[in-house]
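Descriptive structure summary
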Amino acid sequence: MRVTEQQAEGYDFRAIQDRWLPVWEQLEPFAAGRSDDGRPKKYVLDMFPYPSGDLHMGHAEAFCFGDVLARYWRGRGYDVLHPIGWDSFGLPAENAAIKRGVDPREWTYANIAQQKASFRLYAPSFDWSRVLHTSDPEYYKWNQWLFLKMYEKGLAYRKASWVNWDPVDQTVLANEQVLADGTSERSGAVVVKKKLTQWYFRITDYADRLLDDLDQLEGKWPTKVLNMQRNWIGRSVGAEVEFEIEGRAEKVPVFTTRPDTLHGATFMVVAPDSDLAAELAASASAEVRMQFQAYLEEAQKQSEIDRQNADREKTGVFLDHFAINPVNGERIPVWAADYVLADYGHGAIMAVPAHDQRDLDFARKFDLPVRVVLEVRDAEGEIVADPAESGVAASGDGVLVNSGELDGLGKTDAIAKAIEVLEARGTGRGAKTYRLRDWLISRQRYWGTPIPILHGADGSMRPVEQSALPVELPASEGLDLKPKGASPLGAATEWATVVDPETGETLTRDPDTMDTFVDSSWYYFRFLSANDDTQAFDPAEAKKWAPVDQYVGGVEHAILHLLYSRFITKVLHDLGYIDFEEPFLDMLNQGMVLLDGAKMSKSKGNLVEFASELRDHGADALRVTLAFAGPPEDDIDWADVSVQGSAKFLARAWRIADDVQKSGSAAGASFDSGDTGLRRATHKLLADAPELVEAYKFNVVVARLMEQVNVTRKAIDAGAGAADAAVRESAEAIAMILSIFAPYAAEDMWAKLGHEPTVALAVWPQADPALLVEDEVTMVVQVDRKVRDRLTLPASVTEAEAETAALASPAVQRAIGDREIVNTVVRVPKIVSIVTKPAS
RNA sequence: CCCCCGAUAGCCCAACUGGCAGAGGCGACCGACUUAAAAUCGGUUCAGUCAGGGUUCGAAUCCCUGUCGGGGGACCA
């Protein structure tokens, strides 16, 4: 009986959740962009979720941090746009459909409904009036619009090329979806190469801008992400050199970063799977043709893993052709070898074995000449051994030799000079090349945006008219969604067949769907005009809100999603829709939630269920736990944290407001002179919290709140009592700052302090500067590095006064004794450091 | 092999442009309340900052070398 009473009186998170949720839903305090809202604008965005099942702890963490920032900016007086939507196209829906025989559409929207319900209780401050789902025709219509815009500009095109093929999911993959070990990031299958005609976005046209503009994000995006993007784009600067091939009219361009070593080129290597190799082999002897055929087949069987094994033996076939080195007219043999990649540079290289390890390995294997053109010295200043003998290529810097007009120059000068010479002779030019490839966007699967292109019987293509958008996905009923290498849409005959009303010509719809990364590459614009059916987004709204001020999401999207989004933003800029070129000004990447040091997984039995945590501890305790666990970028091990500890803290905070309410004190009472200790703490907190939040030090803010709760409790117990004005002031500051982490508890505190809902719209008060200045400081006195005394001095103390005071201290005098003072350093208001030596 | 990030009490983590290593929490221990336990409340305990060297009056902080851990790239011409 008694226990129940206590519970009824105490902090009860369930009752508080039930009390405030309906109030908030009625108030809709987070609807952004109301016409009468004059507050400055902030756009805070969380990476939108994929609806596979219910929300999990990873979502809990990411959306907690995003919400902390959104709520923080409101507390600072901003009109914050904080939208939510779902990235709801994609393979998992389709795979679930195949496995369990459910409609991908039903599966997807049922999951979305479940996630929405969970979000409702978790209470991120979303503007629910702007919800979007990328699988809605109202959304993907604009995906198609974007595709057509890009098609018009020549940025969307079709080509036949060797592509990554996932044999399990039976679809092509973008380069970015293939992991370093050559497996598919989705299915885990070893990816194989297939030659197919596919749709691409010409992202390589933007490579320089995508790379150079990263400089603007320095300090605003995590260094790690900037690094990953730079690596991924992988710009190499060098020269393009044209080699004549005997018996071939057209010259062959070759890319090199070391044009200075051109005189040392003793053979040429082309990629076996390149068109050039096939062409050269075709005009070679029957024997060479056969050898080449066998080699090509062998090379193509190699998995990506094998290919990437660096200490693999070099293999290759002589193609029975010779090239002419443009700088010295030398006749050099042309080989095909799989250490040269068809889709990097021009798929052909000049081999300089003396100064490139790969070329040297190849030359030694096949007995090709090695010519030193660069004298490289080792750390001792000795010229390094002849690579032909040592087997170690002399890469690096040195002095050019055997190189005609380049002789005597260093590497950098020689490169410049070599390019100059090539350009003067018309046989080459300075050039750049990239690791980045064009973005393959077509997929042979059902659950995605149909590509709005019609194919004529003659192979011609025409874009679907703007007015005919969206090209809606046909119902999945009756379609075989099983992966079989061709898009299921092709089998929807009725859907796929279109008769041109004017010419009567029968056209076929493109059966492929778009990569879902297309959907997510521009969704942040759609939120601005989520309900506008006349345009993808309103440029005026973009002017008002965009770019995104704060983006929050997982580092797993460091390359793919962020690179594509940056690309599309630049395209939209070039199309004249927006006036900026980077979509996300600041970014926070949250870490992962682990359990016992490992990634959580249901099958391994180490799982913390979001739903059960939410049920058992409530949204506030969960959010406080996540925010308090450590720096948001770090992984959180659930074994290291205590949700009970968070709940205890919330109860303590809540009880302060409860005590204030019960004391019957009224707002606006004047402060007592004895209150300054607590008031100083409160104002220090108000002063520090903003910079801490903006530096993403959420864990420190929570710690500071705990401290404030502790000192406030002490002030109450020590005699000030809960009715004291300084206690009320502290409780209000706690409620406001706490509201960014624990909106329910803070709202209840706010009400107990006599305010109307909602605390989420309360603007944080400015700290009173008068309360921030200390009038006394504690200065440490060190003698020979050891702390000998602590002096309490007026804050206005000068260096000389501090020194005098330090020397006057008995403890300091004792420490100095009869030693001689050789140096005294005074740093007001921190320290006096005295250095001595034995008396002479 | 190359590049980036990190290492502070038993554990998770703080520590401003170099200035007393400790804000906060967890755990443990002691005490209060209780018939008892849980919960709650009060208190106590605990490292010299991964190792080695350097710069400095002074280094967790800056520099160099190494160890361990995490991430990225890598036959990319």
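Look a little higher up for the structure.
Residues numbered from 1 in each chain as written. Chains lettered and ligands numbered in written order. Predicted model: local features only at pLDDT ≥ 70, side-chain atom pairs only at ≥ 80, totals over all residues. Heavy atoms only, no water.

Some points on the environment of Y744
Operational definition: Here a strand is any run of E in DSSP of at least two residues, a helix any run of H or I of at least four, and the numbering for each starts at the N terminus. Burial classes: relative accessible area under 20% of the type maximum marks a residue as buried, over 50% as exposed, and values in between as partly exposed (1.4 Å probe, protein chains only). A contact between two residues is defined here by any heavy atoms of the two lying within 4.5 Å. In protein, a polar contact means a hydrogen-donor-capable atom and an acceptor-capable atom, both N or O and within 3.5 Å, with residues adjacent in sequence counting only if both atoms are side-chain atoms; elsewhere, any N or O pair within 3.5 Å suffices.
In this fold, Y744 is placed in helix α25 (residues 743-752). A residue is classified by how much of its surface remains accessible, and Y744, at 1% relative accessible area, is buried. Not counting residues within four places of it along the chain, the set of residues in contact with Y744 comprises I16, Q17, W20, L21, W24, R120, L121, A123, A619 and D620. Within the structure, the side chain of Y744 is placed 2.7 Å from the backbone oxygen of L121, a separation counted as a polar contact.

Overview of the protein's contact with RNA strand B
The cut-off we apply is this: Whether a residue is near a molecule or strand is decided by its heavy atoms; if any one of them lies within 4 Å of it, the residue is near. Under the scheme applied here, ten amino acids are nonpolar (Ala, Val, Leu, Ile, Met, Phe, Trp, Tyr, Cys and Pro), four are charged (Asp, Glu, Lys and Arg), and all others, including Gly, are polar.
Lining the immediate environment of RNA strand B, one finds 49 residues, of which T257, R312, R358, R435 and R790 sit closest. Of what RNA strand B places within 4 Å of the protein, 59% of the atoms are sugar or phosphate. Within the side chain of E707, an N or O atom sits 2.5 Å from a sugar or linking oxygen of RNA strand B. Between RNA strand B and R785, the relevant distance is 3.2 Å, taken from a phosphate oxygen to a side-chain nitrogen or oxygen of the residue. Taken together, the elements giving at least two residues each to the surface near RNA strand B come down to α8 (223-233), β9 (252-256), α11 (304-308), α21 (643-663), α23 (698-720), β29 (776-783), β31 (820-827) and β32 (831-837). For the surface near RNA strand B, the leading source of residues is α23, giving 6 residues. Counted by class, the surface near RNA strand B contains 18 nonpolar, 12 polar and 19 charged residues.

Structural notes on the environment of A249
Relative to the assigned elements, A249 resides in the loop between β8 (236-245) and β9. Using a relative accessible area of 85% as the deciding quantity, one classes A249 as exposed. Sequence separation of A249 and D169 is 80 residues, and the distance between their C-alpha atoms is 44 Å.

Quick word on the environment of Q17
One can find Q17 in helix α2 (residues 13-27). Q17 sits 27 residues away from V44 along the chain, and the two C-alpha atoms are 25 Å apart.

Examining the sheet that holds β31
Quick note on the threshold: In this description, strands pair whenever DSSP reports at least two bridges between them. In this description, a line fitted to the C-alpha atoms serves as the axis of each element, helices being fitted only across the stretch in contact, and the angle between N-to-C directions of two axes falls anywhere from 0 to 180 degrees.
A sheet is described by the order of its strands in space; here 4 strands give the open sequence β30-β29-β32-β31, paired in mixed fashion. Sheet topology places β30 (786-794) and β31 at the edges, where each strand pairs with a single neighbour. Strand-to-strand twist in this sheet, taken as the mean axis angle between neighbours without regard to direction, amounts to 20°. Where β29 meets β32, 4 bridges bridge the pair, whose relative direction is parallel. Its bridge partner lying in β32, V780 is registered against I831.

A few points about helix α20 (residues 610-628)
Applied cut-off: To estimate the expected span of a helix, count its residues, drop one, and scale the result by 1.5 Å. Consider a residue and the seven residues that end there alongside the seven that start there; fitting an axis to each set, the bend is the angle between those axes.
When the terminal C-alpha atoms of α20 are compared, their 17 Å separation across 19 residues is substantially less than the 27 Å that a helix rising 1.5 Å per residue should span. The sharpest bend along α20 comes to roughly 105°, located at G618. With 14 of its 19 residues buried, α20 lies for the most part within the structure. Phi turns positive one or two residues past the end of α20, at G630, with a value near 160°.

Things to note about helix α14 (residues 411-425)
Rule in force here: Directions are taken from the helix axis to each C-beta atom, and the arc is the one they span.
Taking 1.5 Å per residue as the helical rise, α14 with its 15 residues ought to reach 21 Å, and the 21 Å between its terminal C-alpha atoms agrees with that figure. Restricting attention to buried positions, one finds in α14 the residues A414, I415, A418, I419, V421 and L422. When α14 is viewed along its axis, its buried side chains cluster within an angular range of 165° and face the same direction. Those residues of α14 that are exposed and angled more than 90 degrees off the buried face are T412, E420 and A424. Where the residues of α14 are buried, they touch β8, β15 (399-400) and β16 (428-433). Of the residues trailing α14, G426 is marked for its positive phi of about 70°.

Quick word on the packing of helix α3 (residues 57-75) against α20
Stated precisely, the cut-off is as follows: If an angle is under 35 degrees, it is roughly parallel; if it is over 145, roughly antiparallel; if it lies from 65 to 115, roughly perpendicular; otherwise it is oblique. By convention the crossing between two helices is left-handed if the near helix lies anticlockwise of the far one by an angle smaller than a right angle, and right-handed if it lies clockwise.
The geometry of α3 relative to α20 is characterised by a closest axis approach of 10 Å and an angle of 45° between their N-to-C directions. With respect to their mutual orientation, α3 and α20 come out oblique. Like other packed secondary-structure pairs, α3 and α20 cross with a definite hand, here right-handed. Contact residues: M57, A60, E61, C64, F65, D67 and R71 in α3; F610, E613, L622, R623, L626 and A627 in α20. Within the contact of α3 with α20, the residues separate by chemical class into 8 nonpolar, no polar and 5 charged.

Topic: the packing of aromatic side chains
For any pair of aromatic rings, geometry is given as the distance between the ring centres together with the angle between the planes. Here is the rule we go by: Whether two aromatic rings pair depends on their centres lying within 6.5 Å, for rings of Phe, Tyr and Trp, where Trp uses its six-membered ring; planes under 30 degrees apart make the pair stacked, over 60 edge-to-face, and the rest tilted. By the criterion adopted, a ring carries a charge over it if an Arg CZ or a Lys NZ lies within 6 Å of its centre and within 35 degrees of its normal.
If you walk through the whole model with that rule in mind, you get 45 aromatic pairs. Their ring planes at 25° and their centres at 6.2 Å tell us that Y446 and W447 sit as a pair that is stacked. Relative accessible area serves as the criterion here: at 3%, W447 is assigned to the buried category. The aromatic ring of Y157 is capped on one face by R202, whose charged end is 4.0 Å from the ring centroid.

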